[in-house]
Amino acid sequence: MTLFVFGLVAGGIVGWALARLFTYEADPAMSRAVPTAVLMAGQARGEDDLERIEGVGPKIAELLRADGIRSFRDLAAAETPRLQAVLDAAGPRFKLAQPDTWIAQAKLAAAGDWTALRVMQCGLTGGVDRRAA
């Protein structure tokens with residue numbers, strides 16, 4: 001009987017873990033409502049919300065804009081060494097940021113493929129591909 005209960009508990013835990021690993025969950029940050037006026041104002045200036053890229057927060061978005069990267073298209077056209085140079089110039093605070101996936105994410109965003117972007121971001125933590133490790 002004890003072995004049976006142990007098997008049920010272990011099976012439940014393994015099932016839960018597999019469901020968490022293979023079930024697509026939309027990132028709540030990606031589904032946040034953005035007022036249309038804010039979107040239109042940014043697009044009128046040729047700017048996109050760079051924070052929609054996994055691994056890019058408000059400070060990094062500010063650094064990118066200061067370097068002339070204002071849209072998803074700009075970011076998609078950038079090269080990783082340039083992005084790393086922007087981070088390096090900003091100081092040690094940004095040493096942990098890794099821009100390796102930002103360009104691929106920006107290409108999807110620039111193309112308006114939000115579903116593919118969300119799927120890609122499900123495997124990222126701070127812009128780093130968890131599946132590659």
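Note that the structure is predicted; figures quoted are calculated from it, not measured. Throughout, a residue's number is its position along its own chain's written sequence, starting from 1. Only residues with pLDDT of 70 or above have their local features reported here, since the model is predicted, and side-chain atom pairs are shown and tallied only from 80 upward, although totals for entire chains, interfaces and linings are computed over all residues. The side-chain numbers reported here are obtained from all heavy atoms of the structure, hydrogens and water having been left aside.

K.L.:
Would you mind showing me how to read the pattern of salt bridges here?
P.N.:
Opposite charge on two side chains permits them to pair, given that their charged atoms come into close proximity. By convention in these notes, a salt bridge is any Lys or Arg side-chain nitrogen within 4 Å of a carboxyl oxygen on Asp or Glu. Scanning the entire structure with this criterion turns up one salt bridge. A salt bridge links arginine 82 to aspartate 67, with the nearest nitrogen and oxygen atoms 2.9 Å apart. Here the residue arginine 82 occupies a position in helix α5 (residues 80-89), and aspartate 67 occupies one in the loop between α3 (58-66) and α4 (72-77), the gap between them amounting to 15 residues. Accessibility expressed as a relative area gives 33% for aspartate 67, which makes it partly exposed. Per the convention used, a helix needs a DSSP run of H or I reaching at least four residues, while a strand needs a run of E reaching at least two, with both numbered from the N terminus. When accessible area is computed with a 1.4 Å probe and restricted to protein chains, residues below 20% of their type maximum are described as buried, those above 50% as exposed, and intermediate ones as partly exposed.

K.L.:
Just checking my understanding: could you explain the side chain of glutamine 121 for this structure?
P.N.:
Here glutamine 121 lies in helix α7 (residues 114-122). Residue glutamine 121 is classed as buried on the basis of its relative accessible area, which comes to 5%. As used in this structure description, the phrase polar contact means that two N or O atoms lie within 3.5 Å; if the pair is within protein, one of them must be able to donate a hydrogen and the other to accept it, and residues adjacent in sequence are counted only when both atoms belong to side chains. Reaching out from glutamine 121, the side chain makes a polar contact with the side chain of glutamine 105 at a distance of 2.7 Å.

K.L.:
How should I be thinking about the packing of aromatic side chains in this particular structure?
P.N.:
Any two aromatic rings considered together are summarised by their centre-to-centre distance and by the angle between their planes. Each aromatic pair joins two rings of Phe, Tyr and Trp (for Trp, the six-membered one) with centres within 6.5 Å, and gets the label stacked for planes under 30 degrees apart, edge-to-face for over 60, and tilted for any other angle. One pass over the full model with this rule turns up one aromatic pair. A ring pair is formed by phenylalanine 72 and tryptophan 114, whose centres lie 5.8 Å apart and whose planes are at 70°; its orientation type is edge-to-face. Taken together, the residues span a long stretch of sequence, with phenylalanine 72 in helix α4 and tryptophan 114 in helix α7 at a distance of 42 residues. With a relative accessible area of 26%, tryptophan 114 lands in the partly exposed category. Whether a charge lies above a ring is judged from NZ of Lys or CZ of Arg, which has to be within 6 Å of the ring centre and within 35 degrees of the ring normal. A cation over a ring is seen here: arginine 52 above tryptophan 114, with NZ or CZ 4.5 Å from the ring centre.

K.L.:
What's the story with helix α6 (residues 102-110) in this structure? I'm lost.
P.N.:
The α-helix winds at 3.6 residues per turn, so residues separated by three or four positions along the chain end up facing the same way. All of the buried residues in α6 are Trp102, Ile103, Gln105, Ala106 and Ala109. The buried residues of α6 occupy an angular sector of 160° when the element is viewed end-on, so they sit on one face. Contacts are assigned to residue pairs that have any heavy atoms within 4.5 Å of one another. Where α6 is buried, its residues contact α3, α4, α5, α7 and β1 (124-125). Backbone geometry just after α6 places glycine 112 at a positive phi near 75°. To obtain the arc, one takes the directions from the helix axis to the C-beta atoms.

K.L.:
Got a minute to help me understand the confidence of the model for the chain in this structure?
P.N.:
Averaged over every residue, the pLDDT of the chain is 82; residues scoring 70 or more account for 77%. Mean pLDDT across the elements of the chain ranges from a minimum in helix α2 (residues 36-44), with 48, to a maximum in α4, with 97. Every residue carries a pLDDT, the predictor's confidence in it, which falls somewhere between 0 and 100. Overall, residues 27-42 carries pLDDT values under 50, and its contacts beyond four positions in sequence, including any with other chains, amount to ten contacts.

K.L.:
Which parts of the structure should I look at to understand α7?
P.N.:
What α7 keeps buried is the set Leu117, Met120 and Gln121. Buried residues of α7, viewed axially, fall in a sector of 95°; they line one side. Residues of α7 that are buried sit in contact with α6 and β1.

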